[in-house]
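Chains, contacts and geometry: an overview
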Amino acid sequence: MDDCGYDLLVVGSANADLVIGVERRPAAGETVLGSDLAVHPGGKGANQAVAAARLGARTALLARVGDDAHGRLLLDAQREAGVDTAGVLVGGAPTGVALITVDPSGDNSIVVSPGANGRLTPEDVRAAEGLFLAARVVSTQLEIPLRTVSAVAASLAPGSRLVLNASPPVRLPAVVLAACDPLIVNEHEARVVTGGALGESPGEWAAALLALGPRSVVITLGAEGALVADGSGTARVPSVPVDAVDTTGAGDAFTAALAWRLGRGESLPAAAGYAARVGAAAVTGQGAQGSFPTAAEVATLPAASLS
């Protein structure tokens, strides 16, 4: 697919991130004071599109936002990053919103109101046939309706591949699983996708996931890096040590980088090693999209050694 117009087509969510810093997350029934409210462009789909474009990938986004100030914020952020927004639909519901608390360690908790993301339909996907035909790789997530994700899997052009980050996790239909190359999950997401049938080690988790039908699997392991697996075996990708400031969007940066490098023809372990460096760079700044690195910034981090 050397004549593709896009290195990556992202189909997914676009949210306004409403972020408050807290000393600790509140318990049930408890009120905790936090920092001033900060509003950032976010959403897994929009984040992945910006992360890929920041790295230099030719990127397009298929998403839906509201005809409101948050929607305009999101569109402006995409265009500023160099993302093609011809596929972004406007209207149908208010723009999605994510309520995010971030503690001093950089860990976050997120509640999402889908808004317009829930109105991105299979018909919208089918109407965007030209975008799919022009894309080397298609990346999607689960902040849009599952039936829309199924339509994405059915709309892939010959020779393209689907990268699916199963977040937030649900049990996936066979048509989606069979198209995943790779399926990206953390431990919690792996348990949901498999129905809880996991062993003790990441290698066993990968085997259980591959048995469901995806062509390859990536399991993110936080500070322990990641494990990648396909029919030829498994490999461990270590994490890159950095001083974390805010983990918001780091997984999206990882996924975008992985998808882009796979589209360039890199092996799954090599692409995951590069993605680990991108994810590490992303946690060193505040917010999601504002912290995503350029390729030059990633080049200053040490390369992960595969095992």
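For the structure, check the block above.
Presented here is a report on the structure given in the accompanying data block. Remember, predicted model here, so these are calculated numbers, not experimental data.

1. What about the overall build of the protein chain?
What the protein chain contains, in helices and strands, is 11 helices and 13 strands. Compactness check: the protein chain gives a C-alpha radius of gyration of 18 Å against a globular reference of 19 Å for 307 residues, within 12% of the reference. With respect to the three principal axes, the spread of C-alpha positions in the protein chain is 50 × 40 × 40 Å. For the protein chain, buried positions account for 55% of its 307 residues. Of all intrachain contacts in the protein chain linking residues separated by at least 6 positions in sequence, the fraction that spans at least 24 positions is 66%. For the protein chain, the exposed surface amounts to about 12400 Å²; the carbon and sulfur share of it is 53%. The positive charge centre, built from 20 side chains, and the negative charge centre, built from 30, are 5 Å apart in the protein chain.

2. Notes on the packing of helix 1 (residues 44-55) against helix 9 (residues 250-263)
Between helix 1 and helix 9, whose axes approach to 8 Å, the crossing angle comes to 55°. Between helix 1 and helix 9, the angle falls in the class oblique. Two packed elements cross with a definite hand, and for helix 1 against helix 9 that hand is right-handed. Counting all contacts with helix 1, which are made through Lys44, Asn47, Gln48, Ala51, Ala52 and Leu55, the residues of helix 9 involved are Asp252, Ala253, Thr255, Ala256, Ala257 and Trp260. When grouped by side-chain class, the residues that make up the contact of helix 1 with helix 9 number 7 nonpolar, 3 polar and 2 charged.

3. Side note on unusual backbone geometry
Here the amide bond leading from Ser167 into Pro168 is cis, since omega sits at -10°, within 30 degrees of zero. Following the sequence through the fold, Pro168 ends up in the loop between strand 9 (161-165) and helix 6 (174-179). That bond from Asp181 to Pro182 is cis: its omega, 15°, falls within 30 degrees of zero. Position of Pro182 among the secondary structure elements: in strand 10 (residues 180-185).

4. Some thoughts on the pattern of salt bridges
This model, assessed by the stated rule, comprises 12 salt bridges. Between Asp7 and Arg136 there is a salt bridge, with its nearest N and O atoms 3.7 Å apart. Of this pair, Asp7 sits in strand 1 (residues 6-11) while Arg136 sits in strand 8 (residues 135-140), placing them 129 residues apart in sequence. One salt bridge connects Glu187 with Arg191, and the closest N-O pair in it is separated by 3.1 Å. Highlighted residues: Glu187 and Arg191, both in helix 7 (residues 187-194), separated by 4 residues, approximately one helical turn. Since its relative accessible area comes to 34%, Glu187 is described here as partly exposed.

5. Quick look at the side chain of Thr255
Inspection of the secondary structure puts Thr255 in helix 9. In this structure Thr255 comes out as buried when scored by relative accessible area, which is 1%. Each residue touching Thr255, except ones within four places of it in the same chain, is listed here: Gln48, Ser139, Val163, Asn165 and Ile184.

6. Comments concerning the nonpolar core
If you look at the biggest cluster of nonpolar residues, it comprises 46 residues, and the most contacted ones within it are Leu61, Val218 and Leu258. Not counting residues up to four positions away in its chain, the partners in contact with Leu258 are Pro182, Ile184, Val218, Leu268, Ala271, Ala272 and Ala275. If you look at the next biggest cluster of nonpolar residues, it comprises 41 residues, including Leu131, Ala135, Leu172 and Ile219.

7. Concerning the sheet that holds strand 7 (residues 108-113)
Strand order in the open sheet formed by 4 strands is 3-2-6-7, and the pairing between neighbours is mixed. Edge positions in the sheet fall to strand 3 (38-42) and strand 7, since each of these pairs with one other strand and no more. Pairwise comparison of adjacent strand axes, ignoring direction, gives a mean angle of 25° for this sheet.

8. So, helix 10 (residues 268-282)
Counted at 1.5 Å a residue, the expected span for helix 10 with its 15 residues is 21 Å, and the 21 Å between its end C-alpha atoms agrees. N-cap assignment for helix 10: the residue whose side-chain oxygen lies 3.2 Å from the backbone N of Ala270 is Ser267.

Calculation notes
The written sequence of each chain sets the order in which its residues are numbered from 1. Under the rules for a predicted model, residues below a pLDDT of 70 receive no local features and side-chain atom pairs below 80 are neither given nor counted, while totals for whole chains, interfaces and linings still include all residues. The basis for the side-chain values is all heavy atoms of the structure; hydrogens and waters are excluded. Put simply, DSSP marks the helices as runs of H or I at least four residues long and the strands as runs of E at least two long, and each gets a number from the N terminus on. Only C-alpha atoms enter the radius of gyration; for comparison, a globular chain is expected to reach 2.2 Å times N to the power 0.38, where N is the number of residues. Burial classes: relative accessible area under 20% of the type maximum marks a residue as buried, over 50% as exposed, and values in between as partly exposed (1.4 Å probe, protein chains only). The contact definition used throughout considers only heavy atoms, calling two residues in contact when any of these lie within 4.5 Å. We get accessible surface area from the Shrake-Rupley algorithm with a probe of 1.4 Å; when it comes to residues, only the shown protein chains can shield them. Residues scored as charged are limited to Lys and Arg (positive) and Asp and Glu (negative), so that His and the chain ends carry no count. Taken as the charge location is NZ of Lys, CZ of Arg, CG of Asp or CD of Glu. To get an axis, fit a line to the C-alpha atoms, keeping to the stretch in contact for a helix; angles then go from 0 to 180 degrees between the N-to-C directions. Note on terminology: angles under 35 degrees are roughly parallel, angles over 145 are roughly antiparallel, angles of 65 to 115 are roughly perpendicular, and the others are oblique. Rotating anticlockwise by less than a right angle from the far helix to the near helix defines a left-handed crossing, while the corresponding clockwise rotation defines a right-handed one. Only Asp, Glu, Lys and Arg are considered charged in this grouping, and only Ala, Val, Leu, Ile, Met, Phe, Trp, Tyr, Cys and Pro are considered nonpolar; every other residue, Gly among them, is considered polar. The working definition used for a salt bridge is a side-chain nitrogen of Lys or Arg within 4 Å of a carboxyl oxygen of Asp or Glu. Think of a nonpolar core as a cluster: buried Ala, Val, Leu, Ile, Met, Phe, Trp, Tyr and Cys residues, connected wherever their side-chain atoms sit within 4.5 Å. At least two DSSP bridges between two strands are required for those strands to pair. A helix is expected to span 1.5 Å for every residue after the first. Any pair of N or O atoms that falls within 3.5 Å is considered a polar contact. Within protein, one atom must be able to donate a hydrogen and the other to accept it, and sequence-neighbouring residues count only if both atoms are side-chain atoms.

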